[in-house]
Structure formats: C-alpha cells, structure tokens
Amino acid sequence: YLTAYRGVFLKAGGVFVILMGLNLIGILPAGAMARQWTPLRGIRPGNSPGSFFLGAAFAFGWTPCIGPILASILTLAATAGTALSGGLLLAVYSLGLALPFLFLCLAFDRIHGLQALLRNYSRASLVISGLLLVVLGALMFFDKLQVLSAYLLF
C-alpha cells in the first residue's frame, strides 16, 4: 500500500532532509527544537548512579545536535527499497557515531589539546554535514538516489 505513495514520501522526506541540513548550517534556525533543559546540573560523576544520570543528561543535551542527522537517516531507511538496505543504513550510521566516541575514550588522556582542536573545527563540521544533508535531500526529492550509489561503488 505504501509503495503506491513512494514518490510522495520521497518528496516529503527530501524536503525534510533539506530543512534539517539548512538547520545544521544555521540558515534555518529550529527555534523550539533547539531548546535546552538541564535539570541534573548538580550531579557529579563520582559513583554509578551519578554517572548514569550524567550520561542521560548528556544524551538529552545532544539531541538537538544529533536529531537532524538521525531523522534524515531514519527517513532514508524508511524509504529504502528493502528492510535489509534500511537496516544496513542504520548499522553504518551507528558505527559512524560510535567509532569516534570509542576513539576519544581510548585516547583522551594521551592527547593534550584534543578538546581545543575539536572545538576549532566544530562549526566547519556542522556546515559540511548540513551541506551533505541538503544534497542528499535534493537527490531524494528528485528521486535520484541511484546517482549517489553509482559514485559509492568501488
């Protein structure tokens, strides 16, 4: 039943992905979606419950940053041809999200100045990610995702 409306879903998903890309670039502010709430400000990570709540607060704080990209990947996965290709997209996204964190965990004590380096390039990273989302959204809108797969074949 949903395949009959695939074109409509691709166009709507493409517009949504473009809007999320423009949000990351800073052209289209998200307003209410970018609000922050920090109810656990006083909790210290000295014990297991404190670490859990601090991690949960970090996850909530990161939602505005990761939300546009995750929403775009979920949209792509939902409009993928099969469950296997959608699952593969989500698996690669999860791997790409996890590997930098694992690297930081292993190398953080050994690399001095890493935070300053990451802070210097955070804006550029957001702009590049936003531009990639705009291109991806345009490919979705015009039903040209196969062009992307042609370039990704080795």
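Coordinates for the structure precede this section.
Reading guide: rules and limits
- Residues numbered from 1 in each chain as written.
- Predicted model: local features only at pLDDT ≥ 70, side-chain atom pairs only at ≥ 80, totals over all residues.
- Heavy atoms only, no water.
- Buried < 20%, exposed > 50% of the residue type's maximum accessible area, 1.4 Å probe, protein only.
- Helix = DSSP H or I, 4+ residues; strand = E, 2+ residues; numbered from the N terminus.
- Contact = heavy atoms within 4.5 Å.
- Salt bridge = Lys/Arg side-chain N within 4 Å of Asp/Glu carboxyl O.

K.L.:
Teacher, can you tell me more about unusual backbone geometry here?
P.N.:
Keep in mind that most residues, glycine aside, have a negative phi and that most peptide bonds are trans. Non-glycine residue aspartate 143 carries a positive phi angle of around 55°. What makes aspartate 143 partly exposed here is its relative accessible area of 37%.

K.L.:
Where do I start with the environment of glycine 14 in this structure?
P.N.:
When you line up the elements, glycine 14 lands in helix 1 (residues 6-25). Placed 129 residues apart in sequence, glycine 14 and aspartate 143 show a C-alpha to C-alpha distance of 8.9 Å. Residue contacts for glycine 14: discarding those within four places in its chain leaves Gly137, Met140 and Phe141.

K.L.:
Got a minute to help me understand the side chain of threonine 79 in this structure?
P.N.:
With respect to the helices and strands, threonine 79 occurs in helix 2 (residues 48-79). On the accessibility criterion, threonine 79 (17% relative accessible area) is buried. For threonine 79, the contacting residues outside a window of four places in its chain are Arg6, Phe9, Leu10 and Met140.

K.L.:
Is there a simple way to think about the pattern of salt bridges in this case?
P.N.:
Opposite charge on two side chains allows them to pair when their charged atoms are near. Overall, the coordinates contain one salt bridge when judged by the stated rule. Taking the shortest distance from any N to any O, the salt bridge between arginine 6 and aspartate 143 comes out at 3.5 Å. Here arginine 6, found in helix 1, pairs with aspartate 143, found in the loop between helix 4 (114-141) and helix 5 (145-152); they are 137 residues apart in sequence, far enough to count as distant. On the basis of relative accessibility, which here comes to 40%, the residue arginine 6 falls in the partly exposed class.

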